[in-house]
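Now for the letters of each chain:
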Amino acid sequence: MVVVLDTVSANPVRPRHPEKVNRPDAPSPPKPDWIRVRAPNTRGYADTRRIVKENGLVTVCEEAGCPNIGECWDKKHATFMIMGDTCTRACAFCNVKTGMPGALESSEPEYVAEATRKLGLAHVVVTSVDRDDLDDGGAEHFARTIRAIRNRCPTTTIEILTPDFLRKNGALEKVVAAKPDVFNHNLETVPSRYLTVRPGARYFHSIRLLQKVKEIDPTIFTKSGIMVGLGEERHEVLQVMDDLRSADVDFLTVGQYLQPTRKHHAVMRYVTPEEFSGYETVAYTKGFLMVSASPLTRSSHHAGEDFAKLQAARAALVR
């Protein structure tokens, strides 16, 4: 794979990941059979894509190159990505465009709410790019989006996947006050890999963020996820589970890292389905209410079905 820089035309196209252009290629091993998916070509997929485009929305399904987009969009499930398509950070694993974002679109919360209504979503997932350029990291925009969905789709349950709001005092409180049903913030990897994989973030800040959600509002489900295949050791994954449980996190996702381009972090190895099954078993013994661990697990994959299971698991605890 090559990165093409247009230096001839009057308005050269800016590369999607300018900070990665000069990096040497990092080839990954060939994908095993269990990681392959079919190309999306169903009527349901086309209908979802049309609704997303008609409302001028961005989805993380497209921006991050999710392998499950065909399955999810066929069922009219989509994860909306608010606050633009350009992230202020440059994580080594991520395919979302990086650079300086534009101004927030004030009408975006209403657009998201309307698309949620048109798709008939019983459960909606809303995420965002990192917006370190904003005083509150985009917290108020998240809150406005939650309130807009509640107003237009009062029976729809809402799951948010937020950035870490690093050094944004009071930002978390704004989002929690809007009362999403699920607050998700991904750790992405084990602490020893942060400087390489997620250099703009701080592991223990993210743990504390999740812990504070429960301190502010214990009724909100909390969720986090990591990728494997980035060079981590098994004992490190188990320690992450312990750290998340110490923060009273309810739901853990574990999925295989897939390299978007050769300029991104290489896949160090493909974790077998049997190893994922082992992680799931251990996670349940540690007390998570819900665990999803498989090669193609992603944060919002089967989110609606998993939310129902979360509710049932919590109800079973208080009987």
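Coordinates for the structure precede this section.
Only a predicted model underlies this, so the values are computations on that prediction, with no experimental measurement involved.

K.L.:
Would you mind going over the overall build of the protein in detail, with residue names and values included?
P.N.:
When its secondary structure is counted, the protein shows eleven helices and nine strands. Looking at the protein as a whole, 54% of its 319 residues are labelled buried.

K.L.:
Describe the sheet that holds strand β8 (residues 251-256), and please don't skip the residues or the numbers.
P.N.:
Spatially, the seven strands line up as an open sheet ordered β1-β4-β5-β6-β7-β8-β9, and their pairing is parallel. A single partner strand is all that each edge strand has here, and the edge strands are β1 (79-82) and β9 (290-293). Each strand axis lies, on average, 20 degrees off the axis of its neighbour in the sheet, ignoring direction. Relative to β8, strand β7 (residues 221-228) runs parallel, the two being bridged by six bridges.

K.L.:
So, the nonpolar core: which residues are in play, and what are the values?
P.N.:
The biggest cluster of nonpolar side chains holds 60 residues, and the ones touching the most others in it are Phe 183 and Leu 244. Among the elements that make up this core, the one with the highest residue count is helix α5 (residues 139-152) (six residues). What Phe 183 contacts, discounting residues up to four positions off in sequence, is Ile 160, Thr 162, Leu 172, Val 175, Val 176, Leu 209, Leu 210, Val 213, Ile 220, Phe 221, Thr 222 and Lys 223. Val 197, Met 227, Tyr 270 and Leu 296 belong to the second-largest nonpolar core, a separate cluster that totals eleven residues.

K.L.:
Lay out empty space enclosed by the protein with the relevant residues and their values.
P.N.:
Per the counting criterion, the structure on display carries one cavity of 30 Å³ or more. The space that makes up the largest cavity amounts to roughly 30 Å³. Arg 89, Asp 130, Arg 131, Asp 132, Gly 137, Pro 163, Asp 164, Phe 165, Leu 166 and Lys 168 together form the lining of the largest cavity.

K.L.:
Break down the pairing of β9 for me, with residues and values.
P.N.:
Here β9 shows a buried face lined by Met 290 and Ser 292 and a second buried face lined by Val 291 and Ala 293. Relative to β9, β8 runs parallel, the two being bridged by four bridges. Each bridged residue has a counterpart across the sheet, and for Val 254 the counterpart in β9 is Ala 293. A crossover connection joins β8 to the parallel β9 through helix α10 (residues 273-285); in handedness this β-α-β unit is right-handed.

K.L.:
Requested: an account of the state of the cysteines, with residues and values cited.
P.N.:
As enumerated under the stated definition, the model contains zero disulfides in all. There is no disulfide at Cys 87, and the cysteine sulfur nearest it, in Cys 94, is 6.4 Å away.

K.L.:
Report on the pattern of salt bridges, specifying residues and quantitative values.
P.N.:
Applying the stated rule across the entire model yields 22 salt bridges. A salt bridge links Glu 110 to Arg 152; the nearest nitrogen and oxygen atoms lie 2.7 Å apart. Taken together, the positions of Glu 110 in helix α4 (residues 108-119) and Arg 152 in helix α5 put the pair 42 residues apart, joining distant regions of the chain. Take Glu 110: its relative accessible area is 35%, and that puts it in the partly exposed class. Exposure remark for Arg 152: the relative accessible area of 34% places this residue in the partly exposed category. A network of salt bridges, in which partner residues are shared, links Arg 89, Asp 130, Asp 132 and Asp 164.

K.L.:
If you had to explain the packing of helix α8 (residues 203-216) against helix α9 (residues 234-246) to someone new, which residues and values would you point to?
P.N.:
In contact at an axis separation of 9 Å, α8 and α9 are set at 40 degrees when each is read in the N-to-C sense. From α8, Tyr 203, Phe 204, Ile 207, Leu 210 and Gln 211 reach across to α9, where they touch Val 240, Asp 243, Leu 244 and Ser 246. Classifying every residue of the contact of α8 with α9 by side-chain character gives six nonpolar, two polar and one charged.

K.L.:
Go over the pairing of strand β5 (residues 157-161) with me, naming the residues and quoting the values.
P.N.:
For β5, the buried fraction is high: five of the five residues fall into the buried class. Because side chains alternate across β5, one face comprises the buried residues Thr 157, Glu 159 and Leu 161, and the other comprises Ile 158 and Ile 160, equally buried. Here strand β4 (residues 123-128) runs beside β5; their pairing, made up of five bridges, is parallel. Bridge assignment links Val 126 to a residue of β5, and that residue is Ile 160. Assessed by its sense of winding, the connection that carries the chain from β4 through α5 to β5 is right-handed. In this sheet, strand β6 (residues 182-184) lies alongside β5 in parallel orientation, the contact comprising three bridges.

K.L.:
Which residues make up α9, and what are the values?
P.N.:
Taking 1.5 Å of rise per residue, the 13 residues of α9 would be expected to cover 18 Å, and the 19 Å separating its terminal C-alpha atoms lies within 8% of that figure. Listed in full, the buried residues belonging to α9 are Glu 236, Val 237, Val 240, Met 241, Asp 243 and Leu 244. For α9, the buried positions fall inside an angular range of 165 degrees around the axis, keeping them on one side. Summarising the geometry of α9, the exposed residues directed more than 90 degrees from the buried face are His 235 and Ser 246. The elements touched by buried residues of α9 are α8, β7, β8 and α10. In the stretch just after α9, Asp 248 is the one whose phi turns positive, near 65 degrees.

K.L.:
Report on the packing of aromatic side chains, specifying residues and quantitative values.
P.N.:
Summed over all chains, the structure comprises four aromatic pairs. Pairing Tyr 203 with Phe 204 gives two aromatic rings, centres 4.9 Å apart and planes at 85 degrees, and the pair type is edge-to-face. When the centroid spacing of 5.9 Å and the interplanar angle of 90 degrees are considered together, the rings of Phe 221 and Phe 307 count as edge-to-face. Linking Phe 221 in strand β7 with Phe 307 in helix α11 (residues 303-317), this pair joins segments that are 86 residues apart in sequence. As far as the burial class goes, Phe 221 and Phe 307 line up, both buried. Taken together, the ring pairs in this structure connect Tyr 194, Tyr 203 and Phe 204 into an aromatic cluster.

What counts and how
Residues numbered from 1 in each chain as written. Predicted model: local features only at pLDDT ≥ 70, side-chain atom pairs only at ≥ 80, totals over all residues. Heavy atoms only, no water. Helix = DSSP H or I, 4+ residues; strand = E, 2+ residues; numbered from the N terminus. Buried < 20%, exposed > 50% of the residue type's maximum accessible area, 1.4 Å probe, protein only. Pairing = 2+ DSSP bridges. Axes fitted to C-alpha atoms, helices over the stretch in contact; angles between N-to-C directions. Core = buried A, V, L, I, M, F, W, Y, C linked by side-chain atoms within 4.5 Å. Contact = heavy atoms within 4.5 Å. 1 Å grid on protein atoms, 1.4 Å probe; cavity = no way out; pocket = protein on both sides within 12 Å on 5 of 7 lines; lining within 4 Å. Points joined across faces, edges and corners; volume = space filled by probe spheres on them. Right-handed = clockwise from strand over helix to strand, strands pointing away. Disulfide = S-S within 2.5 Å. Salt bridge = Lys/Arg side-chain N within 4 Å of Asp/Glu carboxyl O. Nonpolar A, V, L, I, M, F, W, Y, C, P; charged D, E, K, R; others polar. Expected span 1.5 Å × (residues − 1). Arc of directions from axis to C-beta. Phe/Tyr/Trp six-rings, centres within 6.5 Å; stacked < 30°, edge-to-face > 60°.

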